[in-house]
Amino acid sequence: MEGTIRFPNLGIMLTHVIKSFQVGGLEIACYGVVLSIAMMTGLWLVMRVAKATGQNAEDYFDLGIAAILVALVCARIYYVVFSWDYYSTHLSEIVNLRKGGLAIYGGVIGGVLTVLIFCHIRKMNSLLALDTMSVGLVWGQALGRWGNFFNREAFGDYTDNLFAMQLPLSDVRASEITDAMRAHLESIDGVEYIQVHPTFLYESLWNLGVLVILLFLTFSRRKKRIGRKNPMKRETLHQETIRRENTGFETAGIETSEGKKSRSGAGDIFLMYLLLYGAGRFWIEGLRTDQLILFGTGLPVSQVVSAILVAVSLALLIIKKLWRTREDDPKGTIDKTD
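These numbers come from a predicted model, not from an experiment. (Residues numbered from 1 in each chain as written. Predicted model: local features only at pLDDT ≥ 70, side-chain atom pairs only at ≥ 80, totals over all residues. Heavy atoms only, no water.)

Asks: For this particular structure, what's the right way to read the packing of helix H4 (residues 104–122) against helix H5 (residues 126–144)?
Replies: Between two packed helices, the angle of one axis relative to the other and the distance separating the axes together describe the packing. Close contact between H4 and H5 brings their axes to 10 Å; oriented N to C, the two are set at 150 degrees. On the basis of the axis angle, H4 is roughly antiparallel to H5. In the packing of H4 onto H5, the handedness of the crossing is right-handed. Listed contacts from H5 to Ile104, Val108, Val112, Val115, Leu116 and Cys119 of H4 are Ser126, Ala129, Leu130, Met133, Leu137 and Gln141. (Axes fitted to C-alpha atoms, helices over the stretch in contact; angles between N-to-C directions. Helix = DSSP H or I, 4+ residues; strand = E, 2+ residues; numbered from the N terminus. Parallel < 35°, antiparallel > 145°, perpendicular 65-115°, else oblique. Left-handed = near helix turned anticlockwise from the far one by under 90°. Contact = heavy atoms within 4.5 Å.)

Laid out in structure tokens, this is it:
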């Protein structure tokens, strides 16, 4: 029946999976509801992490609201730009979000720009803010992908693996149906189903794994800094409070070697997010049938962007690591022999 989504190899059948519902005569898309929940819970998580790491959570509330608004606009612009063949002849649909049409990388770009500008205005550490915001961002991406589930989109080509998903042929866009899917059409109770990779699920699970790693790095870094024996332990409670409110991990008015390490380490978690998310997205994007294509190349734009992010973030992490090693031993006096 229509509205049914099946995972045959897992023995799961979901019936009456709706795409939208009515409230007072207004049609509300499930995609929008899921996206809203993802953004709000992501912002809540960011504020929790900020508070737990000694930062001002209220600053992150203001930053989060601004970043969400800008990210939504940029995500739409990004999608429209790389779908211009269609939108150039359907200009009135550019502002119509009811059919979906948001590109995550556009949202990430908009969010990063917002962080940089906001932190410049508020005199916050922008790299530390990017580290903190990346936790909420990857959570939002993990949950937000389930909007694609309700929309029956962001899936891959035919597969018969453990997680294979079956969708009614009539519930998906014709442009996303491949020859391989048609060759394996299955008729169940008079309804034709395609069987595909649930790439939205792959990416959601991947992002949850990335979230666990980022949280581990965030709090292990915090734990090391609290336990480190250094002049910071002799600060008064008042000095410590000021330090936390203003800079989170850095010293307040006290220049120490530990303070330099703290600053040089800021941004590492954000770079790790770019590296891990980019690696997963590069693989998953290759499976999808609804790719945005880079002009004149035939290459999926998200794969190209992912490859660049992985290469650049990995290079920067290595450079920063080498730089910190040099700061620890500027004259190369550490004995490297046993």
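Asks: Can you help me understand the environment of Ser36 in this one?
Replies: Within the element layout of this structure, Ser36 appears in helix H1 (residues 30–52). Taking the C-alpha atoms as reference, Ser36 lies 9.9 Å from Gly147; in sequence the two are 111 residues apart. Polar contacts involving the side chain of Ser36 include one to the main-chain carbonyl oxygen of Gly32, which spans 2.8 Å. (Polar contact = N/O pair within 3.5 Å; in protein donor to acceptor, adjacent residues only side chain to side chain.)

Asks: Would you mind going over a nonpolar patch on the surface with me for this structure?
Replies: The grouping of Leu10, Ile12, Leu14, Leu162 and Phe163 at the surface amounts to a nonpolar patch, some 390 Å² of accessible area in total. Take Leu10: it is sitting in the loop between strand E1 (5–7) and strand E2 (12–14). The partly exposed category is assigned to Leu10, whose relative accessible area is 36%. (Patch = residues over 30% accessible without salt bridge, like charges linked within 9 Å, V, L, I, M, F, W, Y side chains within 5 Å. Areas by Shrake-Rupley, 256 points an atom, 1.4 Å probe, with all protein chains shown as cover. Salt bridge = Lys/Arg side-chain N within 4 Å of Asp/Glu carboxyl O. Buried < 20%, exposed > 50% of the residue type's maximum accessible area, 1.4 Å probe, protein only.)

Asks: What is the right way to read the pairing of strand E4 (residues 26–29) from this model?
Replies: Each regular strand shows side chains that alternate between the opposite faces of the sheet. Where strand E3 (residues 20–23) meets E4, four bridges bridge the pair, whose relative direction is antiparallel. Each residue of the ladder has a partner; that of Phe21, found in E4, is Ile28. With antiparallel pairing between neighbouring strands as the criterion, E3 and E4 make up a hairpin whose turn holds two residues, including Gly24 at a positive phi of roughly 60 degrees. (Pairing = 2+ DSSP bridges.)

Asks: Just checking my understanding: could you explain the pattern of salt bridges for this structure?
Replies: Close approach of charged atoms allows side chains with opposite charge to pair. This model, assessed by the stated rule, comprises 12 salt bridges. Close ionic contact of Glu203 with Arg145 constitutes a salt bridge, the shortest N to O distance being 3.2 Å. Note that Glu203 is positioned in helix H8 (residues 199–227) and Arg145 in the loop between H5 and helix H6 (146–151), a separation of 58 residues in sequence. On the basis of relative accessible area, Glu203 is assigned to the buried category, the value being 2%. Arg145 sits in the buried class, given a relative accessible area of 8%. Between Arg173 and Glu176 there is a salt bridge, with the nearest N and O atoms lying 2.7 Å from each other. A residue is classified by how much of its surface remains accessible, and Arg173, at 39% relative accessible area, is partly exposed. Among the charged side chains, a network of salt bridges with common partners joins Arg145, Glu203, Arg281, Glu285, Arg288 and Asp290.

Asks: What is the right way to read the nonpolar core from this model?
Replies: The tendency in soluble globular proteins is for nonpolar side chains to be buried side by side. Core analysis: the biggest nonpolar cluster contains 36 residues, and Tyr60, Leu63, Val115, Met133, Leu214 and Tyr273 have the highest contact counts within it. Elements represented by at least two residues in this core include exactly H1, helix H2 (57–81), H4, H5, H8, helix H11 (268–285) and helix H12 (301–328). The element best represented in this core is H11, accounting for eight residues. Those residues in contact with Tyr60, other than ones at most four positions away along the chain, are Leu43, Val46, Ala50, Gln55, Met124, Leu128, Ala129, Thr132 and Met133. Residues Val17, Val172, Ile194 and Phe200 belong to the second largest nonpolar core, which totals 15 residues. (Core = buried A, V, L, I, M, F, W, Y, C linked by side-chain atoms within 4.5 Å.)

Asks: So what exactly am I meant to see when it comes to H5 here?
Replies: Each full turn of the α-helix corresponds to 3.6 residues, which orients residues three or four apart in the same direction. The end-to-end C-alpha distance of H5, which contains 19 residues, comes to 25 Å, matching closely the 27 Å that a straight helix rising 1.5 Å per residue would cover. By the largest-angle criterion, Met133 marks the main kink of H5, which is about 30 degrees. By the N-cap criterion, in which a side-chain oxygen at the helix start approaches the backbone nitrogen of a residue two or three places on, H5 is capped by Asn125, the distance to Leu127 being 3.0 Å. (Expected span 1.5 Å × (residues − 1). Bend = angle between axes of the 7 residues up to and from the residue.)

Asks: What is the right way to look at the packing of aromatic side chains in this model?
Replies: In this description, a pair of aromatic rings is defined by centroid distance and the angle of the planes. Taken as a whole, this structure holds 12 aromatic pairs when the rule is applied. Look at Phe149 and Phe200: their rings are 5.5 Å apart centre to centre, the planes differ by 40 degrees, and that puts the pair in the tilted class. You can see Phe149 sitting in helix H6 and its partner Phe200 sitting in helix H8, a full 51 residues away along the chain. For Phe200, a relative accessible area of 1% gives the class buried. Grouped by ring-pair contacts, the aromatic residues Tyr105, Phe270, Tyr273 and Tyr277 constitute a single cluster. (Phe/Tyr/Trp six-rings, centres within 6.5 Å; stacked < 30°, edge-to-face > 60°.)

Asks: Mind showing me how you'd approach H2 here?
Replies: Helix length check: H2, at 25 residues, gives a terminal C-alpha distance of 35 Å against a target of 36 Å (1.5 Å per residue), a fit within 8%. Considered for burial, the residues of H2 that qualify are Ala57, Asp59, Tyr60, Leu63, Gly64, Ala67, Ile68, Ala71, Ala75, Arg76, Tyr78 and Val80. Between the side-chain oxygen of the N-cap and the backbone nitrogen of Glu58 there are 3.0 Å, and the N-cap of H2 in question is Asn56.

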